[in-house]
Each structure stands twice: as C-alpha cells, then as structure tokens.
Amino acid sequence: MRNGVCPHRFLAAGFAELEIAATACAAVETLPPIHADPFDRLLVAQAKTAGLTLLTHDRLLAPYGDFILKV
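Keep in mind that what you see is a predicted model, and the values were worked out from it rather than measured. (Residues numbered from 1 in each chain as written. Predicted model: local features only at pLDDT ≥ 70, side-chain atom pairs only at ≥ 80, totals over all residues. Heavy atoms only, no water.)

Caption draft 1: Region of the structure containing the overall build of the chain. The secondary structure content of the chain amounts to 3 helices and 2 strands. In sequence order, the secondary structure elements of the chain are arranged as α-α-α-β-β. Partitioning the intrachain contacts of the chain with sequence separation of at least 6 by distance along the chain shows that 25% fall at a separation of at least 24. Counting every atom, the chain has about 5,400 Å² of accessible surface; 61% of that belongs to carbon and sulfur. (Helix = DSSP H or I, 4+ residues; strand = E, 2+ residues; numbered from the N terminus. Contact = heavy atoms within 4.5 Å. Areas by Shrake-Rupley, 256 points an atom, 1.4 Å probe, with all protein chains shown as cover.)

Following this line, the structure appears as structure tokens:
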C-alpha cells in the first residue's frame, strides 16, 4: 500500500495498467504546443497512439482532439 492507496483495488475494479510505449514517447514530439506540462503531453500522446479516451478536468487538453473527454 502506498500513501493509503492499494493498487490491487484498481485492478480488481477492472482497470488495467498501461506501460509507456516508445511510440507514445515519440508521439509527444508530434503534438502541437497547446499544453506545456510534459507529463500531460505524454498522457495525450499515449491515449492518441493507443486509441484510448483520456478523461481529464484540464480544459487545456481538449483542443488535442475528440479522444480527450473533459469531465
């Protein structure tokens, strides 16, 4: 358990861990400079290259595409 969070609970709930793929790392360089935070840019690139939807509360990420869902 780290910081009061048990990772196995996420897995038991049906969430899957995603490895950071080299294709996602390379895709960061192709993103337009909409957002300056490198970790957020990596999340965007990972979602885009893996065909996933990224759920976020950060309104600055929405312009990256329709695979970004602001919640």
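Caption draft 2: Representation of the packing of aromatic side chains within the structure. What the rule picks out here adds up to 1 aromatic pair. Seen from their ring centres, Phe-10 and Phe-15 are 6.3 Å apart, and the 75° between their planes marks the pair as edge-to-face. (Phe/Tyr/Trp six-rings, centres within 6.5 Å; stacked < 30°, edge-to-face > 60°.)

Caption draft 3: Summary view of the environment of Ile-34. Following the sequence through the fold, Ile-34 ends up in the loop between α2 (22–28) and α3 (38–50). Linking Ile-34 and His-8, residues 26 residues apart in sequence, is a C-alpha distance of 35 Å. The residues contacting Ile-34, other than those within four sequence positions of it, are Arg-41, Leu-60, Pro-63 and Tyr-64.

Caption draft 4: Spotlight on α3. For α3, spanning 13 residues, the distance from its first C-alpha to its last is 18 Å, which sits close to the expected 18 Å at 1.5 Å a residue. Listed in full, the buried residues belonging to α3 are Asp-40, Arg-41, Leu-42, Val-44, Ala-45, Gln-46 and Ala-47. Looking at the buried side of α3, the elements it contacts are α2, β1 (54–56) and β2 (68–70). Between the side-chain oxygen of the N-cap and the backbone nitrogen of Phe-39 there are 2.8 Å, and the N-cap of α3 in question is Asp-37. Phi for Gly-51, located one or two positions after α3, is positive at around 70°. (Expected span 1.5 Å × (residues − 1). Buried < 20%, exposed > 50% of the residue type's maximum accessible area, 1.4 Å probe, protein only. Polar contact = N/O pair within 3.5 Å; in protein donor to acceptor, adjacent residues only side chain to side chain.)

Caption draft 5: Quick look at the nonpolar core. Core analysis: the biggest nonpolar cluster contains 13 residues, and Val-44, Leu-54, Leu-61, Tyr-64, Phe-67 and Ile-68 have the highest contact counts within it. Looking at this core, the elements with two or more residues in it are α2 and α3. It is α3 that provides the largest number of residues to this core, a total of 4 residues. What Ile-68 contacts, discounting residues up to four positions off in sequence, is Val-44, Leu-54, Thr-56, Leu-61 and Ala-62. (Core = buried A, V, L, I, M, F, W, Y, C linked by side-chain atoms within 4.5 Å.)

Caption draft 6: Inspection of the environment of Lys-70 at higher detail. Inspection of the secondary structure puts Lys-70 in strand β2. For Lys-70 and Gly-14, which are 56 residues apart along the polypeptide, the C-alpha to C-alpha distance reads 22 Å. Setting aside residues up to four positions removed in sequence, Lys-70 forms contacts with Thr-56, His-57 and Arg-59.

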